[in-house]
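In case you want the letters, here they are:
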Amino acid sequence: MIDVTGKVAVITGASRGLGAGLAERFLERGLGVAACARSRPEVPGARSADRLLSASVDVTDTAAVAAFCDDAIAHFGRIDLWINNAGLLAPIGPLRDNDPTEFARHIEVNVLGVFHGSQSFVRHLRARGGDGVLLNISSGAARNAYAGWSAYCAAKAAVDRMSESIALEEADSGLRVHAVAPGIIDTDMQGLIRQCSPEQFPRVQKFLDLKDRGALSSTGFVADRLLELAFDPVPDTPVLTILPLERA
Ligand code: NAP
């Protein structure tokens, strides 16, 4: 495993699920971690307050994300890796039944939230010079349509295109960008999927079967794959990437 001691990562959506697992594993691997979500993340394993900065931030709030970036730079001196992970799945069900306010909120979190994080990090890299890695957590739903997930598919497809555009815009800088489909991970979001009726989400049985077979990835496994992608990548890894399943 590569040595990532002393690298600094920002993780949004780190109060539970994948983001919380990333924060915990990154601390174990010796990184400094700036973790945020609407509920302030409490990350086990932060032996030293110096290595964890934790705050309540709603990623839809432009000023709050920019201020968190500034706080992370003030605390750690620099940011090497920014992971836009915060996201939600609802509204679930046919678009004809979706509530427009809920649909708009979804786009605000899953697309505008990624815009906010990406902008803050790119501006930091432009100001300090040098290398940095932006990982935007996407989904297989960006690349394949799922009935019942129109908001989620649309938003994650937008994250893919946004990531590719940023990569082009920042090609003359030290930034590397990936939109990462992280696999199927054992989190609350998967629990929400399994609770759907077939009318809401016709492919629900596939996700029930995967859980029964114990086929979901752990957050620790995904964390290690993301650190490899960030700091020891296979040459010419494309902007749009897919992580393997832990128990494929
Ligand atoms: P999760 O268990 O539901 O956790 C979502 C996280 O996002 C929470 O920490 C939540 O914290 C935060 N969040 C939600 N809205 C926010 C907002 N407005 N501002 C700041 N933080 C917010 O979901 P997950 O499964 O860990 O998913 C993490 C990411 O992976 C998402 O982008 C998801 O689309 C993606 N993904 C997951 C899977 C999977 O199998 N789980 C597969 C593919 C992609 P608060 O509620 O405290 O704000």
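Our subject is the structure listed above.
Residues numbered from 1 in each chain as written. Predicted model: local features only at pLDDT ≥ 70, side-chain atom pairs only at ≥ 80, totals over all residues. Heavy atoms only, no water.

1. Looking at the side chain of Arg-29
No. 1: Here Arg-29 shows up in the loop between helix H1 (17-28) and strand E2 (32-37).
No. 2: Residue classification places Arg-29 among the buried residues on the basis of a relative accessible area of 11%.
No. 3: Among the polar contacts made by the side chain of Arg-29, one reaches the side chain of Asp-224 at a distance of 2.8 Å.
No. 4: The contacts of Arg-29, once residues within four sequence positions are left out, are Met-1, Ile-2, Val-4, Thr-5, Asp-224 and Leu-227. (Helix = DSSP H or I, 4+ residues; strand = E, 2+ residues; numbered from the N terminus. Buried < 20%, exposed > 50% of the residue type's maximum accessible area, 1.4 Å probe, protein only. Polar contact = N/O pair within 3.5 Å; in protein donor to acceptor, adjacent residues only side chain to side chain. Contact = heavy atoms within 4.5 Å.)

2. Structural notes on the pairing of E2
Every other side chain in a regular strand lies on the same face of the sheet, so the side chains alternate between the two faces.
No. 1: Buried residues dominate E2, accounting for six of its six residues.
No. 2: The side-chain alternation of E2 yields two buried faces, one formed by Gly-32, Ala-34 and Cys-36 and the other by Val-33, Ala-35 and Ala-37.
No. 3: Sheet topology places strand E1 (residues 8-12) next to E2; five bridges connect them, and they run parallel. Looking at the pairing, Val-10 lines up with Ala-34 of E2.
No. 4: Each parallel crossover has a hand, and for E1 linked through H1 to E2 it is right-handed. (Pairing = 2+ DSSP bridges. Right-handed = clockwise from strand over helix to strand, strands pointing away.)

3. Here we look at the pattern of salt bridges
No. 1: Applying the stated criterion to the full structure yields 14 salt bridges.
No. 2: Notably, a salt bridge pairs Arg-105 with Asp-58, separated by 3.2 Å at the nearest N-O pair. Of this pair, Arg-105 sits in helix H3 (residues 100-128) while Asp-58 sits in the loop between strand E3 (52-56) and helix H2 (62-76), and the two are 47 residues apart along the sequence.
No. 3: One salt-bridge network, held together by shared partners, links Arg-25, Glu-28, Arg-29 and Asp-224. (Salt bridge = Lys/Arg side-chain N within 4 Å of Asp/Glu carboxyl O.)

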